[in-house]
Amino acid sequence: MNLYDRIPNNVNLSEDKKLQRALEKWLPNYINWWREMGPDGFQEKDVWLRTAVDVGSEGWAHFDYVKMPDYRWGIFLEPAEPDAKVGFGDNQGRPAYQEVPGEFRNALRRIIVTQGDTEPASVEQQRQLGKTCPSLYDLRNLFQVNVEEGRHLWAMVYLLHGYFGRDGRDEADALLERRSGNPDKPRILEAFNQPCDDWLNFFAFTMFTDRDGKYQLSALAESGFEPLARTCQFMLTEEAHHMFVGDTGLGRVVRRTAQLMKEGDVRELGGIPLEIIQKYINFWFSYSLDLFGGEISSNSADFFAAGLKGRYKEQEQYVDHSAANENFTMQVVEDGQLRSREVPLRNALNEVLRTEYIKDCEKGLARWNKVLNEAGMSERLYLPNPRFHRHVGEYADHSFDIHGNPISKEEFEKHKSEWIPTLKDREYVRSLMHPVTEPGKIANWIAPPAAGIKGKPFEFEYVRL
Ligand SMILES: [Fe+2]
Ligand SMILES: [Fe+2]
């Protein structure tokens, strides 16, 4: 591991002078982007961060105070497996690809660019949140997520520079030029152009949108294109913390709301009513479902056949890795009615991955409902039907209610404010966001965490302001 190189890495970068030079040219542009679009107002503060010092099980989780621009951005891949094979599809059992298969070059570049684009986008979406942190503990978690997303961008840029030549380098430059929410040069995916300007948004985003990342990365970690598989495997170790932040963050909001419900009117007491929490869930869950792509997809079939993108836990969960002879039944809209349709399984793999994701989200809902139950509340939170409020795929051009029943566009518009956060809801949540920066103190609208980070107490000074 070359930890103290200009670009820390475990890919022997110094042996590939051309690649090293190209990345060293990209580095100052990246730092400029980080200074311009990273967390606003906290760049010179000491933050107690996890920094990779090795890719081994302990080494990637080393904690210390560090200023964010000095974070160890770099290129870390899971160690190579000797004799790695393509694990699924038509080339199953052949040696894993060490270079990009020519016929899939464009499609694979597109996948890497699209994944790469989400990483800086989320940093941009979250850049003002530090100013309204509910506690130093939460502030530190926000920054941990931000620096790791920055490093995930490095991971994708390494693949672009290392395996896609000139157009890869151009794409790497463009990743620093697009801006979340900018109408002239927006980020590629819509969820990453939505504002994330209060902490309820942040927790819902890390719960639902980062979790999409987990499933995309898991499918790519199965890839027969070995550099991609190893890159994604390492990113997944970091992604787990992001989802923890979202899942426990929302859980703590629910806990506090339940407490306030017992005391009186949640709004009067300065808390976030359950109805608003539910609307934020509806919003981010539905946008995150779009990220999996169309329900019926020939791309998904081609990628699986080629051994480039597998299913979730392909090796662990499945016996038949060809998926060539099965069908998948899904609901499609025909003449305004829902009808079942059988499609070849390979064409339904986006939907298969989305279904795994939904199962995972349900576990979060169960945890939050347990909090409500333990507080003696009969109210429950839920996931909307996957057809609700979709902008991509089979259901995008139709309207559905929260339970997934087809309704008219007018009907949807009439009820929209009951399902999706209104401007008023957003303004109300924003009105609660005041910074709490004294160690051990917490904002009124959220409960403290059950434990601190890495054995430190909640009262620890996670950020030195
Ligand atoms: Fe990421
Ligand atoms: Fe993430």
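Quick caveat: nothing in here was measured; it's all calculated off a predicted structure. (Residues numbered from 1 in each chain as written. Chains lettered and ligands numbered in written order. Predicted model: local features only at pLDDT ≥ 70, side-chain atom pairs only at ≥ 80, totals over all residues. Heavy atoms only, no water.)

### Observations regarding the coordination of the iron ion (ligand 2)
For the iron ion (ligand 2), the full set of protein donor atoms is E149 (OE), D210 (OD), E239 (OE) and H242 (ND1), and the range of their distances to it is 1.8 to 2.2 Å. In this structure, the iron ion (ligand 2) lies 3.4 Å away from the iron ion (ligand 1), the two metals sharing E149 as a donor. With E149 in helix α3 (residues 136-163) and D210 in helix α5 (residues 199-221), the pair connects residues that are 61 residues apart, well separated along the chain. A single burial state applies to E149 and to D210, both of which are buried. (Donors = N, O, S within 2.8 Å, 3.2 Å for Na, K, Ca; no water. Helix = DSSP H or I, 4+ residues; strand = E, 2+ residues; numbered from the N terminus. Buried < 20%, exposed > 50% of the residue type's maximum accessible area, 1.4 Å probe, protein only.)

### Regarding the environment of S399
The residue S399 is located in strand β5 (residues 399-400) in this model. For the pair S399 and K409, spaced 10 residues apart in sequence, the C-alpha to C-alpha distance is 5.6 Å. If near-sequence neighbours (up to four positions away) are discounted, S399 is found in contact with N405, P406, I407, S408, K409 and F412. (Contact = heavy atoms within 4.5 Å.)

### Some points on helix α12 (residues 423-431)
If you check which residues of α12 are buried, you get D425, R426, Y428 and V429. Axial view of α12: buried residues confined to an arc of 160°, hence all on one face. Counted as exposed and oriented over 90 degrees from the buried face of α12: L423 and K424. If you follow the buried residues of α12, they end up packed against α5 and α7 (274-290). (Arc of directions from axis to C-beta.)

### What about the pattern of salt bridges?
Summed over all chains, the structure comprises 33 salt bridges. Note that E44 is salt-bridged to R35, the shortest N-O span being 3.3 Å. Residue classification places R35 among the partly exposed residues on the basis of a relative accessible area of 45%. Measuring nitrogen to oxygen at the nearest pair gives 2.8 Å for the salt bridge that ties R311 to E314. (Salt bridge = Lys/Arg side-chain N within 4 Å of Asp/Glu carboxyl O.)

### Overview of the layout of surface pockets
Considered as a void within the structure, the largest pocket measures approximately 880 Å³ in volume. If you trace the largest pocket, you find 39 residues lining it, with T114, Q216, L291, F292 and K309 closest to the centre. Taken together, the elements giving at least two residues each to the lining of the largest pocket come down to α2 (105-125), α5, α7, α8 (298-305) and α10 (349-374). For the lining of the largest pocket, the per-class residue count stands at 16 nonpolar, 14 polar and nine charged. E81, A221, E222, A229 and Q233 are, among the 21 residues lining the second largest pocket, the residues nearest its centre. The set of elements that each furnish at least two residues to the lining of the second largest pocket consists of α5, α6 (226-263) and α9 (314-317). Per-element tally for the lining of the second largest pocket: the top contributor is α6, with five residues. Across the lining of the second largest pocket, the residue classes break down as eight nonpolar, five polar and eight charged. (1 Å grid on protein atoms, 1.4 Å probe; cavity = no way out; pocket = protein on both sides within 12 Å on 5 of 7 lines; lining within 4 Å. Points joined across faces, edges and corners; volume = space filled by probe spheres on them. Nonpolar A, V, L, I, M, F, W, Y, C, P; charged D, E, K, R; others polar.)

### Section: the sheet that holds strand β7 (residues 463-464)
Taken together, three strands build an open sheet; the order of strands is β2-β1-β7 and the sheet is antiparallel. Both edges of this open sheet fall to β2 (62-67) and β7, since each of them pairs with a single strand only. With six bridges connecting them, strand β1 (residues 46-51) and β2 associate as antiparallel partners. Looking at β2, one finds that R50 is bridged to F63. (Pairing = 2+ DSSP bridges.)

### Things to note about the state of the cysteines
For the structure shown, the criterion picks out zero disulfides. With no disulfide of its own, C133 has C196 as its nearest cysteine by sulfur position, at a separation of 15 Å. For C133, a relative accessible area of 0% puts it in the buried group. (Disulfide = S-S within 2.5 Å.)

### Quick notes on the pairing of β1
Counting buried positions over the six residues of β1 gives five, a clear majority of the element. Pairing between β1 and β7: two bridges, direction antiparallel. Considered in β7, the bridge of D46 is made with R464.

### Re the nonpolar core
Ranked by internal contacts, the top residues of the largest apolar core, which has 126 residues, are F208 and W445. Residue contributions to this core peak at 16 residues, all from α3. When neighbours within four sequence positions are excluded, W445 is seen to be in contact with P134, W199, F203, V253, R256, G270, G271, I272, L432 and M433. Within the second largest apolar cluster, 11 residues are counted, among which are F328, M330, V343 and V352. (Core = buried A, V, L, I, M, F, W, Y, C linked by side-chain atoms within 4.5 Å.)

### Side note on the packing of aromatic side chains
Tallied over the entire structure, the rule returns 38 aromatic pairs. Measuring from ring centre to ring centre gives 5.6 Å for Y30 and W33, while their planes differ by 40°; the resulting arrangement is tilted. In this pair, Y30 and W33 both sit in helix α1 (residues 17-37), three residues apart, roughly one turn of the helix. Residue classification places Y30 among the buried residues on the basis of a relative accessible area of 0%. (Phe/Tyr/Trp six-rings, centres within 6.5 Å; stacked < 30°, edge-to-face > 60°.)

### Some details on unusual backbone geometry
With phi around 60°, D83 is a residue other than glycine that occupies positive phi space. Inspection of the secondary structure assignment puts D83 in the loop between β2 and α2. D83 sits in the exposed class, given a relative accessible area of 66%.

### Thoughts on α3
Counted at 1.5 Å a residue, the expected span for α3 with its 28 residues is 40 Å, and the 41 Å between its end C-alpha atoms agrees. Judged by how many residues are buried, α3 sits mostly within the fold: 27 of 28 residues are covered. One or two residues past the end of α3 sits G165, with phi positive at roughly 55°. (Expected span 1.5 Å × (residues − 1).)

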